[in-house]
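# Architecture and fold: a report
If you want the building blocks of each chain, they are given just below.
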Amino acid sequence: MKIKKYLVAAFAAAFTLSAQADEGMWLLQLLKQQNSIDMMKKQGLKLDADAIYNPNGVSLKDAVGIFGGGCTGEIISPEGLILTNHHCGYASIQQHSSVEHDYLTDGFWAMNRSEELPTPGLKFRFVHRITDITDLVESKIKAGEVTETQAMTRPFLNKLAKEELEKSDLKGKPGIEPLALPFYAGNKYYLIYYKVYSDVRMVAAPPSSVGKFGGETDNWMWPRHTGDFSMFRIYADKNGEPAEYSADNVPLKTPKHFPISIKGLDEGDYAMIMGFPGSTERYLTQSEVRQMMDASNQAMIDMRTVYLDVLKKYMAESDKTRIQYANKFAGSSNYWKNSIGMNKAIVDNNVLGTKAVQEQKFADFAQGKPEYEGVVAKIDAIVEQTTPVYRQLNYITEGLQRTIEMGCPPAIMDKIKEAIDTKNDSLMEASKKQLEDVFSSIYNKDYDKEVDRAVAKAMLPALAKALTKEELPDFYQTIEKKYKGDYNAYVDDLFDKSIFSSRESLDKFLKKPSKKAIDRDPATAYSRSKINKIQEVAKEYAGRTGNLDLLHKAYIRGLNEMKLPVPSYPDANFTIRLTYGNVKSYDPKDGVHYQYYTTTDGILEKEDPENPEFVVPAKLKELIQKKDFGRYAMADGTMPVCFLTTNDITGGNSGSPVIDGEGNLIGCAFDGNWESLSGDINFDNDLQRCIALDIRYMLFILDKLGGCKHLIDEMTIVEN
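Residues numbered from 1 in each chain as written. Predicted model: local features only at pLDDT ≥ 70, side-chain atom pairs only at ≥ 80, totals over all residues. Heavy atoms only, no water.

### A word on the overall build of the chain
A tally of regular secondary structure across the chain gives 26 helices and 23 strands. A compact globule built from 720 residues should have a C-alpha radius of gyration of about 27 Å, and the chain, at 27 Å, falls within 12% of that. The principal-axis extent of the C-alpha atoms belonging to the chain is close to 75 × 70 × 60 Å. Looking at the chain as a whole, 57% of its 720 residues qualify as buried. Within the chain, counting contacts between residues at least 6 apart in sequence, those at least 24 apart form 79% of the total. Carbon and sulfur atoms form 51% of the exposed surface of the chain, whose accessible area is close to 29800 Å². Separation between the mean location of the 89 positive side-chain charges and that of the 102 negative ones in the chain comes to 5 Å. (Helix = DSSP H or I, 4+ residues; strand = E, 2+ residues; numbered from the N terminus. Rg over C-alpha atoms; globule rule 2.2 N^0.38 Å. Buried < 20%, exposed > 50% of the residue type's maximum accessible area, 1.4 Å probe, protein only. Contact = heavy atoms within 4.5 Å. Areas by Shrake-Rupley, 256 points an atom, 1.4 Å probe, with all protein chains shown as cover. Lys, Arg positive; Asp, Glu negative; His and termini not counted. Charge placed at Lys NZ, Arg CZ, Asp CG, Glu CD.)

Dropping the structure here:
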């Protein structure tokens with residue numbers, strides 16, 4: 001096949017052309033084939049390829065893993081100590097917090113192993129093995145067992161992964177989870193085996209005035225002064241194998257951990273990052289970028305602005321509410337601001353113009369090649385067809401599904417009605433249990449009914465303004481006819497007269513379920529209307545996309561072939577990647593220069609006791625003023641906080657280790673810069689920067705503010 005010939009050529013190619021060395025989220029398993037190591041060594045790497053990734057031995061890869069559901073973490077001691085970002089650990093810190101024990105505000109420092117807090121639901125995943133299954137997938141396509149399009153789907157790949165695990169030597173091993181994924185839009189496939197540890201305990205977290213210093217104001221911005229870190233520990237059974245929480249579990253003896261360098265940084269120093277970037281879309285066409293801006297990003301901006309304004313008001317009025325909604329607010333606001341910055345950067349950085357140039361080059365390259373001719377035009381035609389429906393889907397999802405929590409599951413209610421009709425006691429009991437579980441998932445410790453009510457009263461009219469009447473779920477007709485357009489009255493009935501309005505209402509229904517009560521229930525009607533509309537629009541959208549996946553597969557294959565002999569990397573898909581570059585300043589605009597590091601002087605310059613985002617803890621302020629930095633200070637006695645590199649990162653890389661040329665940890669990546677938020681679509685060598693926490697500031701906070709010298713003692717510190 002031409003696909004295979006192209007891949008062999010691409011993966012064997014050297015960087016003989018002047019590649020943009022700092023761009024690229026490279027696959028570890030292809031470092032040797034793509035000759036990436038040679039380029040990395042030219043920039044300052046002192047290690048060999050096997051020290052970074054060795055499928056047959058221990059390497060840096062074995063000290064990095066997936067933290068929770070969407071971040072990276074690294075092992076920094078022989079006893080399973082994890083370093084990640086404060087914002088990555090935020091949900092866990094919030095989970096353990098209450099008004100009485102407000103770890104968000106006060107921080108948390110375990111002074112011994114017995115004080116480390118079990119964190120139910122938190123997992124850490126190591127990459128155990130990576131297997132190329134491209135030939136296997138292609139053989140199934142050729143045999144007619146699956147189509148090219150189906151081969152890229154989760155049902156097929158999940159089934160394939162399970163089948164391969166059953167045939168492997170890993171069958172039955174504790175904690176092993178297989179995941180098969182397409183790369184290069186289905187031109188390549190890999191099966192990744194993860195080893196998953198589920199007893200992960202919270203060890204240390206600075207107060208939010210350190211870990212979130214600058215808040216939303218400084219998010220995605222430079223200069224930065226945020227001590228964005230938290231620490232956890234992996235526990236295992238006595239044999240070092242994954243196990244559910246038990247008091248008998250012990251800290252995991254890890255085969256690899258990062259030594260920590262406090263030697264200091266200079267501009268131009270080599271820096272590489274290993275982690276799990278979540279998603280990039282570098283291969284989009286110009287029309288697809290416009291669709292993202294108008295139909296996706298704008299929906300997020302418009303709907304989350306309304307949602308966040310409500311949360312902000314209620315969180316400011318109550319410490320209890322602030323703690324309850326801290327994680328929800330942080331998660332929603334992060335990508336709200338990202339969408340604003342991305343749309344601005346796409347315009348400022350002329351991304352559409354860059355895409356137009358790329359498409360013209362591709363058109364020239366495609367002449368006389370039937371597999372590539374007309375591909376972009378076909379993609380554009382599908383984009384034009386799908387954009388209105390895609391916009392509708394995003395607004396409804398953002399406006400209802402991701403904001404309003406109240407609702408009663410119609411599918412379960414239908415089962416209860418069936419159980420009543422058929423007098424099926426076992427179905428009735430199972431359905432009641434499911435209803436209880438859904439109720440408990442809403443009415444948990446992080447839920448306030450009155451906040452949710454206020455969100456609904458704000459969101460419903462906002463969504464009505466964004467969409468036409470025909471595009472809205474049909475419960476809007478109920479509001480118009482039964483409630484004379486009074487959103488507040490409708491919402492109050494939804495929250496006060498529903499089976500799900502209170503524990504008492506639910507208990508009354510469960511004691512004597514009736515079809516009449518279900519048919520009259522406003523929350524069931526609301527949820528059914530919302531779900532039906534989302535499913536209807538999603539189905540219409542899917543029906544309009546046609547063979548878009550195959551067109552992307554051809555386009556990406558062609559673009560990469562066009563670049564030869566310069567190799568290409570696949571879009572991020574939350575699999576382990578390596579990016580390399582250098583410590584470097586930048587000039588965001590005329591007359592403005594940003595140096596590559598910040599110091600604690602900037603913390604005091606930003607201090608504002610009246611603004612909760614810029615409060616400086618009294619003890620930290622005293623330490624800074626006295627310059628009590630210990631061995632962590634720079635040669636001139638100042639204390640570094642954050643620094644910049646040219647590494648190519650995105651969401652999911654949060655918490656990733658920033659590593660020097662000798663394999664030592666020098667920082668913890670936590671953000672990108674505002675001027676290059678279009679980087680997920682188009683990497684800009686001049687502007688793109690990774691913002692990282694300087695490891696010396698982490699140690700300083702841990703030691704001097706947290707009093708956790710015992711944790712530092714278990715690390716390997718490199719001073720010279």
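### A short note on the pattern of salt bridges
Under the criterion given, the structure shown has 51 salt bridges. Its salt-bridge partner being K253, residue E79 comes within 3.2 Å of it at the nearest N-O pair. With a gap of 174 residues between them, E79 in the loop between β3 (71–75) and β4 (81–84) and K253 in the loop between β12 (250–251) and β13 (260–261) connect regions that are remote in the sequence. A salt bridge links R282 to D648, with the shortest nitrogen-to-oxygen separation between them at 2.7 Å. With R282 in the loop between β14 (270–275) and α10 (286–317) and D648 in the loop between β19 (640–645) and β20 (657–659), this pair connects stretches of sequence that are 366 residues apart. Residue classification places R282 among the buried positions, given a relative accessible area of 7%. Salt bridges linked by common partners bring E79, R113, E116, R233, K253 and E714 together as one network. (Salt bridge = Lys/Arg side-chain N within 4 Å of Asp/Glu carboxyl O.)

### Regarding the pairing of strand β2 (residues 64–67)
Alignment of β2 against β3, held across 4 bridges, turns out to be antiparallel. Each residue of the ladder has a partner; that of G65, found in β3, is G73. In this structure, the hairpin formed by β2 and β3 is closed by a connection of 3 residues, where G68 is found at a positive phi of approximately 65°. (Pairing = 2+ DSSP bridges.)

### Here we look at helix α7 (residues 154–167)
An α-helical turn contains 3.6 residues, so any two residues separated by three or four positions project in the same direction. Taking 1.5 Å as the rise per residue, α7 with 14 residues should run 20 Å; its terminal C-alpha atoms sit 20 Å apart, in good agreement. Of the positions making up α7, those classed as buried are F156, L157, L160, A161, E164 and L165. When α7 is viewed along its axis, its buried side chains cluster within an angular range of 165° and face the same direction. The exposed set on the far side of α7, more than 90 degrees from its buried face, consists of P155, K159 and K162. Residues of α7 that are buried sit in contact with α6 (134–142), β8 (176–183) and β9 (188–197). (Expected span 1.5 Å × (residues − 1). Arc of directions from axis to C-beta.)

### Points about the side chain of D671
Mapped onto the secondary structure, D671 falls in strand β21 (residues 665–672). Polar side-chain contacts of D671 include one of 2.6 Å to the side chain of R224. Among residues more than four places away in sequence, those in contact with D671 are N219, W220, R224, I649, R689, C690 and I691. (Polar contact = N/O pair within 3.5 Å; in protein donor to acceptor, adjacent residues only side chain to side chain.)

### Section: the side chain of S656
Checked against the element boundaries, S656 lands in the loop between β19 and β20. Among the polar contacts listed, one links the side chain of S656 to the backbone oxygen of N653, at a separation of 2.6 Å. When sequence neighbours within four positions are dropped, the list of residues in contact with S656 reads T72, E74, I273, M274, G275, F276, G667, C668 and A669.

### Some thoughts on the packing of aromatic side chains
This model, assessed by the stated rule, comprises 26 aromatic pairs. Ring centres 4.9 Å apart and planes at 85° place the aromatic pair F362 and Y555 in the edge-to-face group. Residue F362 is found in helix α12 (residues 351–366), and its partner Y555 is found in helix α22 (residues 548–563); the two are separated by 193 residues along the sequence. Take F362: its relative accessible area is 2%, and that puts it in the buried class. For Y555, a relative accessible area of 0% corresponds to the buried category. Here a set of aromatic residues connected by ring pairs shows up, and it is made of F475, Y476, Y483, Y487, Y490 and Y526. (Phe/Tyr/Trp six-rings, centres within 6.5 Å; stacked < 30°, edge-to-face > 60°.)

### Side note on the confidence of the model for the chain
Residues shown with low pLDDT carry predicted positions that ought not to be read at fine detail. Overall, the prediction assigns the chain a mean pLDDT of 95, with 97% of residues at 70 or greater. The low-confidence segment residues 1–20 (pLDDT under 50) makes 47 contacts with residues lying over four places distant or belonging to another chain. (pLDDT = per-residue confidence, 0-100.)

### Concerning the packing of helix α13 (residues 375–401) against α22
Remark: α13 packs on α22, axes separated minimally by 10 Å, with the N-to-C direction vectors making an angle of 145°. In the crossing of α13 with α22, the sense of the turn from one axis to the other is left-handed. Residues V375, V376, K378, I379 and I382 of α13 pack against L548, L551, H552, A554 and Y555 of α22. The class makeup of the residues in the contact of α13 with α22 is 8 nonpolar, 1 polar and 1 charged. (Axes fitted to C-alpha atoms, helices over the stretch in contact; angles between N-to-C directions. Left-handed = near helix turned anticlockwise from the far one by under 90°. Nonpolar A, V, L, I, M, F, W, Y, C, P; charged D, E, K, R; others polar.)

### Here's the deal with unusual backbone geometry
Residue P223 follows W222 across a cis peptide bond; omega there is 5°. For P223, the location among the structural elements is in the loop between α9 (215–218) and β11 (230–236). Along the chain, L564 connects to P565 via a cis peptide bond; the corresponding omega equals 10°. Mapped onto the secondary structure, P565 falls in the loop between α22 and β15 (577–582). We note that W220 has phi near 70°; this positive angle belongs to a residue other than glycine. Locating W220 in the fold gives a position in the loop between α9 and β11.

### Some words on the environment of D571
In this fold, D571 is placed in the loop between α22 and β15. The buried category is assigned to D571, whose relative accessible area is 19%. Look past the residues within four positions of D571 in its chain and what remains in contact with it is T280, E281, R282, Y283 and R577. A polar side-chain atom of D571 sits 2.7 Å from a polar atom in the side chain of T280. Reaching out from D571, the side chain makes a polar contact with the backbone nitrogen of R282 at a distance of 3.0 Å.

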